[in-house]
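Examination of the molecular architecture
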Amino acid sequence: MPPAEPTARWKGQDILDQVERLRLELPPGVRDRWVEDIYAESARIASRNVDQQGASQRLSWERRLDWFLTNRWTGFPTMILMLAVVLWITIEGANVPSGWLATLLLDKGHPLLKDLAVWLHMPWWLSGVLVDGLYLTTAWVISVMLPPMAIFFPLFTLLEDFGYLPRVAFNLDNLFHRVGAHGKQALTMSMGWGCNAAGVVATRVIDSPRERLIAIITNNFALCNGRWPTQILIAVVFLGALAPPALAGVVAAGSVLAVALLGVALTFVSSWMLSRSVLKGEASTFSLELPPYRPPQLLRTLYTSLIDRTLIVLWRAVVFAAPAGVVLWTICNLKLGDSSIAEGLIGALDPLGWVIGLNGVILVAYIVAIPANEIVIPTILMLTVMVTGVSGVGEQGAGVMFETSTNSALATLLHGGGWTTLTAVCLMLFSLCHNPCSTTIYTIWKETKSARWTAVATFMPIAFGIVICGAVALVWRWLAG
Amino acid sequence: MAKPTLSPCDSCPVASVSRLERLGMKLSHADFVVALAGNPNTGKSTIFNALTGLRQHTGNWPGKTIARAEGAFSLDGKRYRLVDLPGTYSLLSATDDEEVARDFILFGRPDVTVVVLDATRIERNLNLALQVLQITNRAIICVNLIDEAKAHGITVDERGLARDLGVPVVPAAARSGQGVQELVREIADMANGTTVCTPRRLKYEVPGLREAMDEIAASLEAVYPNVPHRDWIAMRLLEGDPRIAEAVASGTLGNLEDDHAAS
């Protein structure tokens, strides 16, 4: 029995007992009445001081646009069309500046540095590690990644500024709700399209720990910026080439779009699986205010998306690509017995690769490229050259990462390495479904503080990738006889 | 110290802003702490950027300020630390966002709290403003997005609003920089004690409520003598807020202030 009068000896629990006692004496619904009072007062003050003159032209225009963008029949096609157009502009627009950068950094810069190394009397292994490993990898990453990012990010930010993202979240909310996830996952997924690590951090907007975990684990199915270039390049070289030249761009953009949409579908499927098994629970409700449309500020958007997003992501890629280049050069040139370490690895992984429509080279590339998805393609090229011993395509010789001057030369090289359309399709699928990059894995660990969930987030996509690619390869080979 | 000759510039807000120094992330040695609160998507981050010169990512969707962001500016030799709180609709329910905002306003003891309102949605936004005014005397209302309101044919009577709320009201269109100067001036005046306000407080009209709150507040004072806003805590306890009850029972209530202490 607590004393009647509060004293310094009282504990917190005594106060709670007192509260319980007092609450019983009060009329019911204290909280509701208090909230009602606040609302009534707000309404009174607003009615006195706010004046609306006539029906607003802009308001009715916004209502119509909202109706169109969030309507069941027009909302989804508009979303997909917008994404397709953004991708198409990125693919078509990135080609030319990408070529310029490749000429500057690879065709001109690399021989220059080679000569410099000779002139400095560098030992062959040092110039190999520095110029052929470190410099070439970095230069490749810059010339392939910078132009698409410099187009994709500003376009995406413009849509964001305009106020389109909340409409996307609104459209997808119902679907996310049905698979037992939170509607805000649409927003974290969109962030993941820029960078999965950013997407994982953005899941903090989700309050329920269960739904937040689902959003974190499935974020990897949002194609990140490090994987867009792989998708785009393979789609252009292999799938665009199947179509007549006039349609090549459209076919390439269409196939990248298909992979991105498959990623969205897999997000739903895996969210559903998680919320029906290990992360059981009901979806919590949330209210999302559709903000008014605002004319995007063009110059500021360009500036911030170039500085804040493009250059930061690029810097990260370079930081990871440079050491990976050194590792690559080393495993290709260090001999264990008769063959190099890389050759041994490729041979060991070839059977598994064949089963899922890929090859040993690609799997080794994915292991080397764990730090950054961006360097998957350069690694594949370098390893292919070494294995096939193709010469004449890249004058620098085996074990050196190089830029093929045109896409068709790239196709020749990869065909020489035994690539088919099946390999290309499976690579695009595997690029969607494999482990997150090391930065993202680290971020997941930081956000969840759980080794178990980090492991789930890391290995679940690989399982998806093996199953999907294996199934595709099986059906493909069966159809092809 | 006698003031030197008065030129019109001394009282003009435009001139004072020319002395505004945006300090970005230089947070040390702040003389005053200013909190920035408001509903989601009212342009808090835009105002934050305009005052600090930082480029915190702003986007036209709610919920993108995840935790609180901090920056600094200096005016007339005084340094101000500005804290951008996550957007919230009220201080009453208990999502994580709202808890960050509410704990800071209550226990971080900001010298000034700026409540940003969306001029096109005044009525809904006022709910939060009234709740903030319930717990602090040192608040400024910034009616942002007045350019947008104008496009919608909405006019807001700022003077009337200031009269009704009992605190300064600054109209602004922060995206184009309009009103930022006046806002800085008001913040400085309030922080320095030049402006003193008696904001509108709602009465607790439920019979017996006032007495019950007083009784609980007295107990709180006995157990946690240093904790401010005992009335507010008492009200939350009577409403049955589980997080507050937990904090009272476990004694963490006494630590809340340390957690949010303005360095």
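Predicted, not measured: the structure shown is a model, and the values here were computed from it.

Cut-offs used in this document
Residues numbered from 1 in each chain as written. Chains lettered and ligands numbered in written order. Predicted model: local features only at pLDDT ≥ 70, side-chain atom pairs only at ≥ 80, totals over all residues. Helix = DSSP H or I, 4+ residues; strand = E, 2+ residues; numbered from the N terminus. Buried ≥ 20, exposed ≤ 12 C-beta atoms within 10 Å, placed from the backbone. Contact = placed C-beta atoms within 7 Å. Nonpolar A, V, L, I, M, F, W, Y, C, P; charged D, E, K, R; others polar. Pairing = 2+ DSSP bridges. Core = buried A, V, L, I, M, F, W, Y, C linked by C-beta atoms within 7 Å. Right-handed = clockwise from strand over helix to strand, strands pointing away. Axes fitted to C-alpha atoms, helices over the stretch in contact; angles between N-to-C directions. Parallel < 35°, antiparallel > 145°, perpendicular 65-115°, else oblique.

A count of helical and extended segments in chain B gives 11 helices and 8 strands. Burial status across chain B gives 49% buried among its 263 residues. Of the contacts formed within chain B by residues at least 6 apart in sequence, a portion of 69% connects residues at least 24 apart.

Now for the interface of chain A and chain B. Often, the extent of an interface is quoted as the loss of accessible area on bringing the components together. The interface of chain A with chain B comprises 55 residues on the first partner and 53 residues on the second. Sorting elements by how many residues they give to the side of chain A that touches chain B places helix α2 (residues 30-49) of chain A first, with 14 residues. Its residues assigned to classes, the side of chain A that touches chain B comprises 26 nonpolar, 12 polar and 17 charged. Of the strand pairs in this sheet, strand β1 (residues 50-52) of chain A and strand β7 (residues 154-156) of chain B are connected by 3 bridges, and their pairing is antiparallel. Each residue of the ladder has a partner; that of V50 of chain A, found in β7 of chain B, is V156 of chain B.

Moving on to the nonpolar core. Formed by 119 residues in total, the largest nonpolar core has its most connected members in V256, A365, L383, C426, M428 and L429 of chain A. Looking at which element gives the most residues to this core, the answer is helix α5 (residues 124-162) of chain A, with 14 residues. With residues near it in sequence (within four places) discarded, V256 of chain A still touches L87, Q231, I232 and A235 of chain A. Grouped together as the second largest cluster of nonpolar side chains are 67 residues, V34, A119, V170 and A188 of chain B included.

Turning next to unusual backbone geometry. Most peptide bonds adopt trans geometry, and most residues besides glycine take a negative phi value. Notably, H121 of chain A is not glycine yet its phi reads approximately 60°, a positive angle. Structurally, H121 of chain A can be placed in the loop between α4 (75-119) and α5. Given 7 C-beta atoms within 10 Å, H121 of chain A falls into the exposed group. Positive phi is not limited to glycine here, since D76 of chain B has a value of about 50°. On the neighbour-count criterion, D76 of chain B (10 C-beta atoms within 10 Å) is exposed.

Next up on the list: the pairing of strand β6 (residues 139-144) of chain B. Residues and elements named next belong to chain B. Burial analysis of β6 places 6 of its 6 residues in the buried class, the great majority of the element. Burial along β6 is two-sided: A139, I141 and V143 facing one way and I140, C142 and N144 facing the other are all buried. Where strand β5 (residues 112-118) lies against β6, 6 bridges are found, and the strand directions are parallel. Paired with V115 across the bridge in β6 is I141. At this point the chain moves from β5, through helix α4 (residues 122-135), to the parallel β6, and the crossover so formed is right-handed.

Put simply, helix α1 (residues 12-25) of chain A and helix α8 (residues 209-223) of chain B touch, their axes get as near as 10 Å, and they point 180° apart. Here α1 of chain A is positioned roughly antiparallel relative to α8 of chain B, judged by the angle of their axes. Across from G12, I15, Q18, V19, L22 and E25 of chain A in α1 of chain A, the residues of α8 of chain B making contact are A212, E215, I216, S219, L220 and V223 of chain B. The residue makeup of the contact of α1 of chain A with α8 of chain B, split by class, is 7 nonpolar, 3 polar and 2 charged.

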